[in-house]
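Letter by letter, the chains look like this.
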Amino acid sequence: MKHTKTAFSIFFLLILGSFLFIWLENELAFREQLKERSLPSGLHPIVEEKRDLLVNQAAEIGIDILITDGYRSPEEQDGLHSQGRNTPGSVVTHAQAGESYHNYGLAIDYALRLDDGSVVWDTTRDGNGNGESDWFEVAAIGKELGFDWGGDWQRFKDYPHLEMTFGLSIRELQQGWRPEDKME
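Now for a look at the structure at hand. Keep in mind that what you see is a predicted model, and the values were worked out from it rather than measured.

## Structural notes on the environment of N128
Here is step 1: Tracing the sequence through the fold places N128 in the loop between β3 (119–120) and α4 (134–144).
Here is step 2: Judged by its relative accessible area of 22%, N128 is partly exposed.
Here is step 3: When the C-alpha atoms of N128 and A59 are compared, they prove to be 9.9 Å apart, with 69 residues separating the residues in sequence.
Here is step 4: Within polar-contact distance, the side chain of N128 engages the side chain of E137 at 3.4 Å.

## Things to note about unusual backbone geometry
Here is step 1: Despite not being glycine, F166 shows a phi value in the positive range, around 55°.
Here is step 2: Here F166 shows up in the loop between β5 (161–163) and α5 (170–174).

## Here we look at the layout of surface pockets
Here is step 1: Counted as a void, the largest pocket has a volume near 540 Å³.
Here is step 2: If you trace the largest pocket, you find 23 residues lining it, with V92, T93, W153, F156 and D158 closest to the centre.
Here is step 3: Taken together, the elements giving at least two residues each to the lining of the largest pocket come down to β1 (65–69), α3 (74–82) and β5.
Here is step 4: Across the lining of the largest pocket, the residue classes tally to nine nonpolar, seven polar and seven charged.

Analysis parameters
- Residues numbered from 1 in each chain as written.
- Predicted model: local features only at pLDDT ≥ 70, side-chain atom pairs only at ≥ 80, totals over all residues.
- Heavy atoms only, no water.
- Helix = DSSP H or I, 4+ residues; strand = E, 2+ residues; numbered from the N terminus.
- Buried < 20%, exposed > 50% of the residue type's maximum accessible area, 1.4 Å probe, protein only.
- Polar contact = N/O pair within 3.5 Å; in protein donor to acceptor, adjacent residues only side chain to side chain.
- 1 Å grid on protein atoms, 1.4 Å probe; cavity = no way out; pocket = protein on both sides within 12 Å on 5 of 7 lines; lining within 4 Å.
- Points joined across faces, edges and corners; volume = space filled by probe spheres on them.
- Nonpolar A, V, L, I, M, F, W, Y, C, P; charged D, E, K, R; others polar.

And the structure:
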């Protein structure tokens, strides 16, 4: 009886060890694949779809918006980051290349478009005359569509910014993780 228990314990440990070995081998291979992934070169398809819905739903309530930014290359991001630091202009971002959800195709920026075609970043404007700020109405639509809004941030308020993180941190994105990895 004692030999049977010992044999069973050894067998169980061998099976468990085999499963752990296979899992670890697969996990290490996946981590290597993550390192080799290239950056996206455009908006994520879900973000693109939600962007279009945002524009259409805003138009339905009489607000014309312009998407002023979407995917940003690392070079574009560094150019924006240098603004107000090394180049003329105001500081518009604290994120360097690889530190913005724009760099992974997961963020958009918007502005209000006036009847004459000009664009404004006026957060108090009530162009549709319903007594509410058009800017905040658009932000509310964005949040209903699943975006996080930069106006809700505690430190640096980024009112034109909407992003979908899919539960991924910037660090995870830098490591190669993508929304598809979280949606499986």
